[in-house]
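Notes for the structure review
The lines below spell out each chain.
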Amino acid sequence: MNLRFFRGIWKRSLKPSVLVIVAIATLVGVSLFSISPLTATPSAKIQFVSPNWVTANAKDPNLRILDVRNAPLEYIGGHVPNAVHIADTAFRGPDGFLPVQYWDTQKLASIFSRSGVSSNSRVLVYSDARDILGSTMVAYLLERSGVKDIAVLDGGYTGYKASGQPVVKEYPKYKFTQFAVQDNPSIRVNLQQVGELIGKPGVVFIDPRPGDLFRGEKDIWVRNGHIPGAKNIPWPAFTEAENSQEALKNPHQLKSLDEIRKILADKKIKPSDDVIVSCSTGREATLQYVVLKHLLGYPKVRIYDGSWTEYSTSNLPVETGPEKV
């Protein structure tokens, strides 16, 4: 058999119409590849916004506002106009082994749908009380689920109310949506990936838990301590939670980005690092994830969702005591 033999088979067996179909299919395949999610899907944006921003954008028909405070009576007693209440505790539960894990994509889609949020909405999230973590957690889950335009209310409800912006008691009327989750696994890591990344050059683990939990001084989990080599930056360090002026204390108010940059520089954490944030249950990690990735522009920041709740049950190494320099 030679080249002429194969040419003969080609000419006899493939009619012109078939050749046209093959050519079209090839072009379509190239086009589909060129707009794959890796290259064409625009990246999400999470920003921190002021109370004035809320009022300025209040008439945007595509804006949805989520009040994620856990106490329903706080919402009933007063909230941002058009805010829908959904407690941040609603986004997590048992997974058949571990407690307080993020729900699967179908359940997250149902929660967002019932809150009036679609995958094309602009979404503002706010919380209040002792920490900002409910807001950043829901912002992270919105990004993870495919929403592109997300805002967190800097200063929380307390800061909003103190600014003199309008507060209401009326509940908004809205329609349920068909939320189409577009899961984004690139912003998180699992236990196996964590094990592969420990000790790798250029990889930095940040642990935002309190120092006593980081050092393993409290007997809470199956094993206590931290991921070897992790840097301990308790999450309140990024906020005004410990401001020396009582009137300025607010765990929902971010410090200036310059102050946060100094905190990171002191820990020798660089924008070029591959940063993994891991905490107790995957909630505390969301604040530092949002700040590093979306406000400071660190290109590679991910969350270990299972965090110490899962890690402590594994056979991966545990380190105790203070952070190693």
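On a predicted model such as this, the values are computed, not experimentally measured, just so you know. (Residues numbered from 1 in each chain as written. Predicted model: local features only at pLDDT ≥ 70, side-chain atom pairs only at ≥ 80, totals over all residues. Heavy atoms only, no water.)

Thoughts on the side chain of His79
In this fold, His79 is placed in the loop between helix H5 (72-77) and strand S3 (83-85). What makes His79 buried here is its relative accessible area of 0%. From its side chain, His79 meets the backbone oxygen of Glu170 in a polar contact 2.7 Å long. Setting aside anything within four residues of it in sequence, one finds His79 in contact with Asp67, Arg69, Tyr126, Tyr157, Val167, Val168, Lys169, Glu170 and Tyr171. (Helix = DSSP H or I, 4+ residues; strand = E, 2+ residues; numbered from the N terminus. Buried < 20%, exposed > 50% of the residue type's maximum accessible area, 1.4 Å probe, protein only. Polar contact = N/O pair within 3.5 Å; in protein donor to acceptor, adjacent residues only side chain to side chain. Contact = heavy atoms within 4.5 Å.)

Looking at the sheet that holds strand S10 (residues 231-232)
Taken in spatial order, the five strands line up as S8-S14-S13-S9-S10 in an open sheet, and their pairing is parallel. Taken across any chain shown, the strands that pair with only one partner, and hence form the sheet edges, are strand S8 (188-189) and S10. Examined bridge by bridge, strand S13 (residues 274-277) and strand S14 (residues 301-304) share three bridges and lie parallel to one another. What sits directly across from Val277, in S14, is Ile303. (Pairing = 2+ DSSP bridges.)

Points about the packing of aromatic side chains
For the structure shown, the criterion picks out nine aromatic pairs. Between Tyr102 and Tyr140, the ring centres sit 6.1 Å apart and the planes meet at 50°, which makes this aromatic pair tilted. Of this pair, Tyr102 sits in strand S5 (residues 101-102) while Tyr140 sits in helix H7 (residues 133-144), and the two are 38 residues apart along the sequence. The exposure class of Tyr102 is buried, given its relative accessible area of 12%. When the centroid spacing of 5.2 Å and the interplanar angle of 40° are considered together, the rings of Phe112 and Phe179 count as tilted. Of this pair, Phe112 sits in helix H6 (residues 105-114) while Phe179 sits in the loop between helix H8 (156-162) and S8, placing them 67 residues apart in sequence. With a relative accessible area of 8%, Phe179 lands in the buried category. (Phe/Tyr/Trp six-rings, centres within 6.5 Å; stacked < 30°, edge-to-face > 60°.)

Side note on the environment of Val123
One can find Val123 in strand S6 (residues 122-126). Put simply, Val123 and Ala139 are 16 residues apart on the chain and 8.4 Å apart in space, counted from C-alpha to C-alpha. Those residues in contact with Val123, other than ones at most four positions away along the chain, are Leu63, Arg64, Leu66, Val117, Leu142, Val147, Asp149, Ile150 and Ala151.

Quick look at the nonpolar core
Among soluble globular proteins, nonpolar side chains are generally buried collectively. Phe91, Phe112, Val138, Leu142, Phe238, Leu264 and Leu287 are the most contacted members of the largest nonpolar core, which has 52 residues in total. It is H7 that provides the largest number of residues to this core, a total of seven residues. Leave out the neighbours within four places in its chain, and Leu264 touches Ile233, Phe238, Ile269, Leu292, Leu296 and Tyr298. Judged by nonpolar contacts, the second largest core, of 15 residues, contains Val194, Leu197, Ile227 and Ala230. (Core = buried A, V, L, I, M, F, W, Y, C linked by side-chain atoms within 4.5 Å.)

Thoughts on the layout of surface pockets
As a volume, the second largest pocket reaches approximately 240 Å³. Surrounding the second largest pocket, 14 residues form its lining, Arg188, Val189, Asn190, Asp305 and Gly306 being those nearest its centre. Only S5, S8 and helix H9 (191-197) provide two or more residues apiece to the lining of the second largest pocket. Grouping the constituent residues of the lining of the second largest pocket by class yields six nonpolar, four polar and four charged. (1 Å grid on protein atoms, 1.4 Å probe; cavity = no way out; pocket = protein on both sides within 12 Å on 5 of 7 lines; lining within 4 Å. Points joined across faces, edges and corners; volume = space filled by probe spheres on them. Nonpolar A, V, L, I, M, F, W, Y, C, P; charged D, E, K, R; others polar.)

Some points on H6
Looking only at H6, the buried set comprises Leu108, Ala109, Ile111, Phe112 and Ser113. Buried residues along H6 sit in contact with H7. Following H6 by one or two positions, Gly116 adopts a phi angle in the positive range, close to 85°.

Re the pairing of S6
The element S6 is extensively covered by neighbouring structure, given that five of its five residues are classed as buried. Side chains of S6 alternate between two faces, with Arg122, Leu124 and Tyr126 and Val123 and Val125 buried alike. In the sheet, strand S2 (residues 63-67) pairs with S6 via five bridges, with the strands oriented parallel. Looking at the pairing, Arg64 lines up with Val123 of S6. A crossover connection joins S6 to the parallel strand S7 (residues 149-153) through H7; in handedness this β-α-β unit is right-handed. (Right-handed = clockwise from strand over helix to strand, strands pointing away.)

Some words on the pairing of S14
Going residue by residue along S14, you find Val301 and Ile303 tucked away on one face and Arg302 and Tyr304 tucked away on the opposite face as well. Pairing of S8 with S14 involves two bridges; the strand directions are parallel. Residue pairing for S14: Arg188 is matched across the bridge by Ile303. You can see the chain leave S13, run along helix H12 (residues 285-295) and come back into S14, and the turn it takes is right-handed.

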